[in-house]
Amino acid sequence: MKRDPIVISGGGPVGLVAALALAKRGLDVCVLEIESQIPTDLRAGTFHPPTVEMLAELGVGAELVAAGIPVPEWQIRDRRAGVIARFDLAAIADLTPYPFRLHCEQHKLSSILYRILGAMPNVTLLFGHRCTAVEQDDDGVTVRFQAPDGDGAIRASYVIGADGAHSAVRKSLGVEFEGFTWPERFLVFATDYDLREQGFTGNAYIADPDEWVAIFIQPHDGPPGIWRMAFPIPPELDDADVLADDYVQSRIKGFLSSDQDYPILYRSVYRVHQRVASRFRVGRAMLVGDAAHINNPLGGMGLNSGIHDAINLTGKLCDVMLNGAPDSLLDLYDRQRRQTNIEYVQAITIRNKRLLEEKDPAVRTERLDEMRTIAADPVSARQYLMNSSMIASIRRAAEIV
Ligand SMILES: Cc1cc2nc3c(=O)[nH]c(=O)nc-3n(C[C@H](O)[C@H](O)[C@H](O)COP(=O)(O)OP(=O)(O)OC[C@H]3O[C@@H](n4cnc5c(N)ncnc54)[C@H](O)[C@@H]3O)c2cc1C
């Protein structure tokens, strides 16, 4: 008997990874994407080693690596005291064939995935389709959508909500998005002024009680790349004021030097949250990626953890649909991925932000000293690298039964 397809709401990077992982195993997949083409705005741009390994398993690792910049070393700095700690992923080269952070815009991954999926006969890609609701019964799921030519519905064997932070699937399931929103927004902009001239590695986090900064290099028409910088923005400022030339220049000049204007290639402001869905599975519907959890970008864990969800879930879905595994296996997806998101992704990203912004001088000194000590001790540095590269969270998920 022909089975209904697995419908994926959301053709962002996480939904597309899920689509490819299922389609490669021969399952029918239908992706609904609200936009008319791949969004190319600058969002996540860091791939951690286990994520590159997963993408390599899917057959897209080499192309992504070729499109990005490998960054083996990163720094924690204090704005006044300079470099506090250096971490080099070479220290865990025995654990991964990719001992670096791969800096590459997420839309480049999406483009690679769309190209491959578009050529697969068991994949249907529906752009301009907004998922509006999911309704479950004993035999499957009805996924309702709005399309340019009117409303419609598709029958699905399972549905994956990969439709981002405002997930229609999550809302339709009545699942809570528990957590909080930070009061300050983040201003993100990019310059092609080469920060290596000032001694920065390709990725650095600079602590300051008033104006911390995170910087990372991104590919831009080949080397040497452009530099993305993220600053906190006080809640009382309007987006328009923050995005104005004068304001952006004042932030970069305050950080580098005020004797020149800097070229600004891109700028945006966005609100940052720490939230986890109360359930990742309701019957035949599962949540992955930003639909399931969101976090601040310090440590680059949001997209990576979403891809880890997609790989974990699709492995189990294939076992259920192709190998006769019990449906209850999908509850294990919920337990493994929800728990590790709380224990690792939420905890680490909140800790990273607190480290950079701490205002109490005594606490600040203590935390920065702790970072120095960790970096100086090979055993502690190795554990720190395993946590920050997300290897530890994947190992922890595998222990949950
Ligand atoms: C403005 C912004 C800047 C960011 N910057 C960073 C950063 O600097 N560093 C970092 O680590 N992370 C950043 N993030 C987070 C990172 O982009 C996400 O973690 C990542 O995109 C998650 O991928 P996803 O596929 O789960 O969700 P998304 O990328 O959000 O993809 C969801 C997809 O679903 C589609 N969709 C939404 N609703 C529907 C619907 N009802 N029906 C059908 N399709 C739908 C959307 O159009 C989108 O294509 C940023 C996020 C935002 C919003």
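The structure we're discussing is the one just above.
Residues numbered from 1 in each chain as written. Predicted model: local features only at pLDDT ≥ 70, side-chain atom pairs only at ≥ 80, totals over all residues. Heavy atoms only, no water.

Caption draft 1: The arrangement of the layout of surface pockets in detail. Approximately 360 Å³ is the volume found for the second largest pocket. Arg 351, Asn 352, Leu 355, Met 371 and Tyr 384 are, among the 20 residues lining the second largest pocket, the residues nearest its centre. When residues of the lining of the second largest pocket are traced back to their parent elements, those giving at least two are strand S5 (73-78), helix H9 (329-357), helix H10 (361-376) and helix H11 (378-388). At 6 residues, H9 tops the list of elements feeding residues into the lining of the second largest pocket. Along the lines of polarity and charge, the residues of the lining of the second largest pocket split into 11 nonpolar, 4 polar and 5 charged. (1 Å grid on protein atoms, 1.4 Å probe; cavity = no way out; pocket = protein on both sides within 12 Å on 5 of 7 lines; lining within 4 Å. Points joined across faces, edges and corners; volume = space filled by probe spheres on them. Helix = DSSP H or I, 4+ residues; strand = E, 2+ residues; numbered from the N terminus. Nonpolar A, V, L, I, M, F, W, Y, C, P; charged D, E, K, R; others polar.)

Caption draft 2: Structural context of the sheet that holds strand S6 (residues 82-88). Taken together, the 8 strands give an open sheet; going across it, the order is S6-S5-S14-S15-S16-S13-S17-S20, and neighbouring strands pair in mixed fashion. Each edge of the sheet is formed by a strand with only one pairing partner; in this case those strands are S6 and strand S20 (293-294). The pairing of strand S17 (residues 266-277) with S20 spans 2 bridges and is antiparallel. Its bridge partner being in S20, Val 276 is matched across the sheet by His 293. (Pairing = 2+ DSSP bridges.)

Caption draft 3: Here's a closer look at the site of the ligand. Among the 29 residues in the neighbourhood of the ligand, the closest are listed as Val 14, Glu 33, Gln 106, Cys 131 and Asp 290. Arg 228 places a polar side-chain atom, nitrogen or oxygen, 3.4 Å from an oxygen atom of the ligand. The class makeup of the residues in the shell around the ligand is 12 nonpolar, 10 polar and 7 charged. (Near = heavy atom within 4 Å. Polar contact = N/O pair within 3.5 Å; in protein donor to acceptor, adjacent residues only side chain to side chain.)

Caption draft 4: Just the pairing of strand S2 (residues 29-33), in detail. Buried residues dominate S2, accounting for 5 of its 5 residues. Here S2 shows no split at all, with Val 29, Val 31 and Glu 33 on one side and Cys 30 and Leu 32 on the other all buried. As paired elements, strand S1 (residues 6-9) and S2 share 4 bridges and run parallel to each other. In the strand pairing of S2, Val 7 is matched with Cys 30. The handedness of the S1 to S2 crossover, carried by helix H1 (residues 13-23), is right-handed. Where S2 and strand S8 (residues 123-127) come together, 5 bridges link them in parallel fashion. Considered in S8, the bridge of Val 29 is made with Val 123. (Buried < 20%, exposed > 50% of the residue type's maximum accessible area, 1.4 Å probe, protein only. Right-handed = clockwise from strand over helix to strand, strands pointing away.)

Caption draft 5: Quick look at helix H2 (residues 49-57). Residues of H2 that are buried: Pro 49, Pro 50, Thr 51, Val 52, Met 54 and Leu 55. Positive phi appears at Gly 59, one or two residues downstream of H2, with a value of about 95°.

Caption draft 6: Layout of the nonpolar core. Formed by 70 residues in total, the largest nonpolar core has its most connected members in Ile 8, Leu 22, Phe 47, Leu 109, Val 143, Ile 160 and Leu 317. If one sorts the elements of this core by residue count, H1 sits on top with 9 residues. Setting aside anything within four residues of it in sequence, one finds Val 143 in contact with Val 7, Leu 32, Cys 131, Ala 133, Val 134, Gly 152, Ala 153, Ile 154, Ala 156 and Val 159. If you look at the next biggest cluster of nonpolar residues, it comprises 33 residues, including Trp 182, Val 188, Tyr 384 and Ala 392. (Core = buried A, V, L, I, M, F, W, Y, C linked by side-chain atoms within 4.5 Å. Contact = heavy atoms within 4.5 Å.)

Caption draft 7: Seen up close, the side chain of Lys 316. Position of Lys 316 among the secondary structure elements: in helix H8 (residues 302-323). Nearest to the buried, unbridged Lys 316 among oppositely charged side chains is Asp 319, at 7.4 Å. Only 2.8 Å separates the side chain of Lys 316 from the side chain of Asn 312, close enough to count as a polar contact. Look past the residues within four positions of Lys 316 in its chain and what remains in contact with it is Leu 329, Leu 330, Leu 332, Tyr 333 and Gln 336. (Lys, Arg positive; Asp, Glu negative; His and termini not counted. Salt bridge = Lys/Arg side-chain N within 4 Å of Asp/Glu carboxyl O.)

Caption draft 8: Examining the sheet that holds strand S4 (residues 69-71) more closely. Reading across from one edge, S3-S7-S4 is the order of the 3 strands in this open sheet, with antiparallel pairing throughout. Single-partner strands in this sheet number two, and they are strand S3 (46-47) and S4. Bridge count between S3 and strand S7 (residues 101-103): 2 bridges; the pairing is antiparallel. When the bridges of S7 are listed, Phe 47 appears paired with Leu 102.

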